[in-house]
Amino acid sequence: MSQVSLNQPIPPFSAESTQGSVHSEQLKGKQVVIYFYPKDNTPGCTSESQDFRDLHAAFSAANTVIFGVSRDSLRSHENFSNKHDFPFALISDPEENLCKLFDVIKLKKLYGKEHMGIERSTFLIDAQGVLRQEWRKVKVKEHAAEVLSAAQQLAG
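Note that this is a predicted model, so its numbers are computed, not measured.

Conventions and cut-offs
Residue positions are counted from 1 within each chain, in the order its sequence is given. Local features in a predicted model are, by the rule used here, given only for residues with pLDDT of at least 70; side-chain atom pairs are given and counted only at 80 or more, and totals for whole chains, interfaces and linings are based on all residues. The basis for every side-chain value is the complete set of non-hydrogen atoms in the structure, without hydrogens or water. Think of it this way: any DSSP run of H or I at least four residues long counts as a helix, any run of E at least two long counts as a strand, and we number them from the N terminus. Contacts were defined at the residue level, with two residues in contact if any of their heavy atoms lie within 4.5 Å. Remark: nonpolar core denotes a set of buried residues (Ala, Val, Leu, Ile, Met, Phe, Trp, Tyr, Cys) joined through side-chain atoms within 4.5 Å. In this scheme, a residue with accessible area under 20% of its type's maximum is buried, one over 50% is exposed, and one in between is partly exposed, where area comes from a 1.4 Å probe on protein chains only. Two rings from Phe, Tyr or Trp (for Trp, the six-membered ring) form a pair when their centres sit within 6.5 Å of each other. Planes less than 30 degrees apart are called stacked, planes more than 60 degrees apart edge-to-face, and all others tilted.

Q: Any chance you could break down the environment of F88 for me, citing the residues and the numbers?
A: Within the fold, F88 resides in the loop between α3 (74-84) and β5 (89-92). On a C-alpha basis, the gap between F88 and A15 in space is 14 Å, while along the polypeptide they are 73 residues apart. F88 has contacts with T18, Q19, Y35, S49, F52, R53, H56, I66, G68 and S81, leaving out every residue within four places of it along the chain.

Q: Can you tell me about the nonpolar core, naming the residues and giving the values?
A: F13, I34, F36, F67, L98 and F102 are the most contacted members of the largest nonpolar core, which totals 23 residues. Counting only elements with at least two residues in this core, the list comes to β3 (31-36), β4 (64-70), β5, α4 (97-101) and β8 (121-125). Each residue touching F67, except ones within four places of it in the same chain, is listed here: V22, L27, V32, V33, I34, Y35, A89 and I91. If you look at the next biggest cluster of nonpolar residues, it comprises 19 residues, including F52, F59, I66 and V147.

Q: Give a description of the packing of aromatic side chains that names residues and reports values.
A: In the structure shown here, the tally under the stated rule is 10 aromatic pairs. For the ring pair Y35 and F52, a centre distance of 4.5 Å and an interplane angle of 15° mean the geometry is stacked. Of this pair, Y35 sits in strand β3 while F52 is found in helix α1 (residues 43-54), placing the two residues 17 residues apart along the sequence. Assessed through its relative accessible area of 0%, Y35 is described here as buried. F52 gets classed as buried once you look at its relative accessible area, which sits at 0%. Put simply, the rings of Y35, Y37, F52, F59, F80, F86 and F88 touch in pairs and so form one group of aromatic residues.

Pasting the structure below:
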């Protein structure tokens, strides 16, 4: 499977989410935000997801759907989503298929130990399925608002 690159169509994909199966072909005609985060119910990931939740109506008004992705199980995602009332789907990617497609698995350090994990990253795909913007090594504060602004500009 090839990796995504800016200003190129994203390769077809399918995944399981808290709202059923997601197929890239179904997303044509809408802008798509896919944000990758390390783990459900951790402080930064919770804060980032809540920020996207709080701006969900504005994203919808900009013809943009949101997906959160981590390696957590669907059950973990469902609990996380229900606890925080997320109106968007969380995609479970335990085999790292989407993570590899978007090249977000990186060597990380935690408490002096190295491990492979998800680097917090967000991608904005236009209504024709072309990757238009990417944010890597994301800092949570104000990030969702920055992505919303880009989605609104892209929507025209």
